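Chain by chain, the residues:
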Amino acid sequence: MMHGAMTPETVFNPTFTLRNANHGAGASDADTEQCRYKRLINGELARQSIPLAHMADKLGLQRTKLHKVLRQGAFLSEDLRDQLFEELGIDHTRATIAVSMLKSEATYHDQAVFLATEALKGLYCEAASARRGAIQVDLRPAIIHTALGRAYEMLLTHQERVLEANRTLLS
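Each chain carries its own residue numbering, running from 1 in the direction its sequence is written. pLDDT decides what is reported in this predicted model: residues at 70 or higher carry local features, side-chain atom pairs at 80 or more are listed and counted, and totals for whole chains, interfaces and linings draw on all residues regardless. The side-chain numbers reported here are obtained from all heavy atoms of the structure, hydrogens and water having been left aside.

Draft legend 1. Seen up close, helix 2 (residues 33-47). Numbering of helices and strands starts at the N terminus; helices are DSSP runs of H or I of at least 4 residues and strands are runs of E of at least 2. Expected helix span is taken as 1.5 Å per residue step, with the number of steps being one fewer than the number of residues. Here helix 2 spans 21 Å end to end across 15 residues, near enough to the 21 Å set by a 1.5 Å rise per residue. Regarding helix 2, the residues found buried are Cys35, Arg36, Tyr37, Lys38, Arg39, Leu40, Ile41, Asn42, Glu44 and Leu45. The first or second residue beyond helix 2 is Ser49, which carries a positive phi of 55°. With a 1.4 Å probe rolled over the protein chains alone, any residue whose accessible area is under 20% of its type maximum counts as buried; one over 50% counts as exposed, and the rest are partly exposed.

Draft legend 2. Looking closely at the packing of aromatic side chains. To pair, rings of Phe, Tyr and Trp, with the six-membered ring standing in for Trp, must have centres within 6.5 Å; the planes then decide the type, stacked if under 30 degrees apart, edge-to-face if over 60, and tilted in the middle. Applying the stated criterion to the full structure yields 1 aromatic pair. Taking 5.9 Å as the distance between ring centres and 55° as the angle between the ring planes, the aromatic pair formed by Tyr37 and Phe85 counts as tilted. With Tyr37 in helix 2 and Phe85 in helix 5 (residues 78-88), this residue pair connects regions lying 48 residues apart in the sequence. As far as the burial class goes, Tyr37 and Phe85 line up, both buried. Only when the NZ of Lys or the CZ of Arg is both within 6 Å of the ring centre and within 35 degrees of the ring normal is a charge said to sit over the ring. Over the aromatic face of Tyr37 sits the side chain of Arg81, whose NZ or CZ is 4.7 Å from the ring centroid. Over the aromatic face of Tyr108 sits the side chain of Arg94, whose NZ or CZ is 4.2 Å from the ring centroid.

Draft legend 3. Focus on the pattern of salt bridges. Throughout this description, the term salt bridge denotes a Lys or Arg side-chain nitrogen within 4 Å of a carboxyl oxygen of Asp or Glu. In this structure the tally under the stated criterion is 6 salt bridges. The partner of Arg39 in a salt bridge is Glu105, with the nearest N and O atoms 2.9 Å apart. One end of the pair, Arg39, is in helix 2; the other, Glu105, is in the loop between helix 6 (92-101) and helix 7 (111-131), and 66 residues separate them in sequence. Note on accessibility: Arg39 and Glu105 belong to one class, buried. For the salt bridge of Asp82 with Arg81, the shortest nitrogen-to-oxygen distance reads 3.7 Å. For Arg81, a relative accessible area of 11% corresponds to the buried category.

Draft legend 4. Quick look at the environment of Gly73. Relative to the helices and strands, Gly73 resides in the loop between helix 4 (63-71) and helix 5. The exposure class of Gly73 is exposed, given its relative accessible area of 61%. Measuring from C-alpha to C-alpha, the distance between Gly73 and Lys38 comes to 9.1 Å, with 35 residues separating the pair along the chain. Ignoring anything within four residues of it in the chain, the contact list for Gly73 reads Lys38 and Lys68. In this analysis, two residues are considered to be in contact whenever any of their non-hydrogen atoms come within 4.5 Å of each other.

Put into structure tokens, the structure is as follows:
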């Protein structure tokens, strides 16, 4: 079984950040969570071919304000980020894991991140709700480790199936 050869470090390898090397921001910008969220949003705007002016109109914002926030370094508030995520169809949980934990907005579109995020989404949403004070949840480390273990096992099983399918096709 391949599980012994794969670890969280090899599954979520920092080489994902190399895919996003030419994002156009300076070296100091690459380190902030704000800038990674902005790059994710700008990338999704470009992918969906939505002009920034149209998005500003949809959100009821001044075009210059949205331009300053997304392109000129003004502060991106959580409320505005959440509105943009909703309009663009960006999954908040996956974006948070890609940007905050993996430190690369490019990982948002990777299949491994998608699978792990889907496995952890329920736990993440409960934790986020508890942080906002919406519900009272006592998250014990055992629960967190169990959820992570299941997500990790699911990811490794999927990887084994992919490798087996590749071997079968190449035979």
